[in-house]
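Given next are the chains, with one letter for each unit.
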Amino acid sequence: MGGPVGEEELSLYDPALLLSLNFFDSPANFNPRISAAAPGEIWLKVRPLQTGDFHRGFLQILSQLTKVGDVSLTQFLNRFAQMRASGDYYVTVIVDTRYDKIIGSATLVLERKFIHGCATRGRLEDVVVDDTYRGKQLGKLIVVTVSLLAKELGCYKMSLDCKDKLIPFYKSIGYTLEPGNANTMNIRYEATTRSIGRNAAAAGNQPEDTEPS
């Protein structure tokens, strides 16, 4: 997809982290079963954001979610470098390798606290999947990936804000509404709740229009 990509690209974070995620730790129901390491189609790949993704349509996929603005390559690379240096940003993308094109993305932001013994909370941001790839469970896949990544990195909980129509989708993968706090939803990682979804009755896939787009 348009534009040159450098030979030595940098990843925003260590790609090996995605291989260590245990998708059986999520209550999400995948049918058929997929994961970040095996996303279903052989031409799909889940990985960290890379410096060359400016040319693979990363900003264009974000524009399906919200207004991006006129971002230059220099601005993109500067922001990438800032995020990478901080170590608190885990932008994860789905790539259609047939076209070398970004088709989905979600961001985990680490929020470091003094509370709970200087614990870390994860925040889920900027979830988007290209509308033309509906029916492949990719919205669920990218959200579960970054949610498990938050757990792997030691977060005590993961938080998000979502639209009313997306509440059933996030509930289906383990998030719960926080009483008195609008549509802020959390998923906690206490040992007693990690395996709840393994024995839960399968509710079937959510209708595609209830997944993030």
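Everything here concerns the structure above.
Positions within a chain are numbered from 1, following the residues in the order the chain's sequence is written. Totals for whole chains, interfaces and linings use every residue, but because this is a predicted model, local features are given only for residues with pLDDT of at least 70 and side-chain atom pairs only at 80 or more, for both listing and counting. Working from all heavy atoms in the structure, the side-chain values ignore hydrogens and water.

Engineer: Can you walk me through the overall build of the protein in this structure?
Structural biologist: Every helix listed is a DSSP run of H or I at least four residues long, and every strand listed is a run of E at least two residues long, numbered separately from the N terminus. Regarding its fold elements, the protein presents 7 helices and 7 strands. In the protein, the succession of helices and strands from N to C terminus is α-β-α-α-β-β-α-β-α-β-α-β-β-α. Here the protein, with 213 residues, has 47% of them falling under the buried criterion. Should any heavy atoms of two residues lie within 4.5 Å, those residues are counted as being in contact. For the protein, contacts bridging at least 24 residues in sequence account for 69% of all contacts bridging at least 6. Surface exposure of the protein reaches about 10,900 Å², of which carbon and sulfur atoms provide 51%. Buried, partly exposed and exposed residues are distinguished by accessible area as a fraction of the type maximum, computed with a 1.4 Å probe on protein chains only: under 20%, between the cut-offs, and over 50%, respectively. Each accessible area is a Shrake-Rupley result for a 1.4 Å probe, and residues are judged covered by the shown protein chains and nothing else.

Engineer: I would appreciate a short explanation of the pairing of strand S4 (residues 120-129) in the present structure.
Structural biologist: Remember that side chains alternate between the two faces of the sheet whenever the strand is regular. With 8 of 10 residues buried, S4 is to be regarded as a mostly interior element. Any two strands between which DSSP finds at least two bridges are classified as paired. As defined by bridge partners, strand S3 (residues 101-112) adjoins S4 across 8 bridges and the pair is classed as antiparallel. Following the sheet pairing, Thr107 is matched in S4 by Glu125. Looking at chain direction, S4 and strand S5 (residues 157-161) are connected through 3 bridges and run parallel.

Engineer: Help me understand unusual backbone geometry, please; the structure alone is not making it clear to me.
Structural biologist: Most peptide bonds take the trans form, and the phi angle of most residues other than glycine is negative. Residue Pro32 follows Asn31 across a cis peptide bond; omega there is 5 degrees. As for its placement among the helices and strands, Pro32 is situated in the loop between helix H1 (16-19) and strand S1 (44-48). The backbone phi angle of Asp100 is positive, close to 55 degrees, even though this residue is not glycine. Take Asp100: it is sitting in the loop between strand S2 (89-96) and S3. For Asp100, a relative accessible area of 30% corresponds to the partly exposed category. With a phi close to 65 degrees, Gln137 is a non-glycine residue in the positive phi region.

Engineer: In this structure, what is going on with helix H3 (residues 73-86)? I would like to understand it.
Structural biologist: An α-helix turns once per 3.6 residues; consequently, residues spaced three or four apart project the same way. In this analysis, the expected span of each helix is defined as 1.5 Å times one less than the number of residues it contains. Taking 1.5 Å of rise per residue, the 14 residues of H3 would be expected to cover 20 Å, and the 20 Å separating its terminal C-alpha atoms lies within 8% of that figure. Burial in H3 covers these residues: Phe76, Phe80 and Met83. Axial view of H3: buried residues confined to an arc of 65 degrees, hence all on one face. Along H3, the residues that are exposed and aim more than 90 degrees away from the buried face are Thr74 and Ala85. Tucked into the core, H3 has its buried residues touching helix H2 (58-62) and S2. In the segment just after H3, Gly87 is the residue with positive phi, at about 75 degrees. Taking the helix axis as origin, the arc is that swept by the directions to the C-beta atoms.

Engineer: What am I meant to see in the packing of aromatic side chains here?
Structural biologist: Aromatic ring pairs are described here by two measures, namely the spacing of the ring centres and the angle between the planes. Each Phe, Tyr or Trp ring (for Trp, its six-membered ring) is paired with any other whose centre lies within 6.5 Å, and the angle between the two planes then decides the class: stacked below 30 degrees, edge-to-face above 60, tilted in between. Considering all chains together, one arrives at 8 aromatic pairs under this definition. Between Phe169 and Tyr170, the aromatic rings sit 4.9 Å apart at their centres with planes inclined by 70 degrees, giving edge-to-face as the arrangement. Of the residues examined, Phe169 reaches a relative accessible area of 0% and is grouped as buried. Here Tyr170 falls in the buried class, since its relative accessible area comes to 4%. Aromatic ring contacts, followed pair by pair, group Phe54, Phe58, Phe76 and Phe80 into a single cluster. For a Lys NZ or an Arg CZ to count as sitting over a ring, it must be within 6 Å of the ring centre and within 35 degrees of the ring normal. Taking NZ or CZ as reference, Arg33 lies 4.5 Å from the ring centre of Phe24, over its face. Here the basic side chain of Arg98 rests over the ring of Trp43, its NZ or CZ set 3.6 Å away from the ring centre.

Engineer: Just checking my understanding: could you explain the environment of Thr120 for this structure?
Structural biologist: With respect to the element layout, Thr120 can be found in strand S4. Its relative accessible area of 12% is what places Thr120 among the buried residues. Through-space distance from the C-alpha of Thr120 to that of Lys157 is 7.9 Å; in sequence the pair is 37 residues apart.

Engineer: What's the story with the layout of surface pockets in this structure? I'm lost.
Structural biologist: Left-over empty space is what a probe sized like a water molecule reveals as it rolls over the atoms. Considering only enclosed or pocket space, the second largest pocket measures out at about 470 Å³ in volume. As defined here, a cavity is a set of points on a 1 Å grid over the protein atoms alone where a 1.4 Å probe fits but cannot get out. A pocket is an open set with protein on both sides within 12 Å along at least five of seven lines, and residues line them when an atom is within 4 Å of a point. As for the second largest pocket, its lining consists of 20 residues, and the residues nearest its centre are Phe58, Leu59, Leu62, Arg79 and Met83. Taken together, the elements giving at least two residues each to the lining of the second largest pocket come down to H2, H3, S2, S3 and S4. With 5 residues, H3 is the single largest residue contributor to the lining of the second largest pocket. Three residue categories are used. Nonpolar comprises Ala, Val, Leu, Ile, Met, Phe, Trp, Tyr, Cys and Pro, charged comprises Asp, Glu, Lys and Arg, and polar comprises the others, including Gly. For the lining of the second largest pocket, the residue count by class is 13 nonpolar, 3 polar and 4 charged. Grid points are joined across faces, edges and corners, and a volume is the space filled by probe spheres set on the points.

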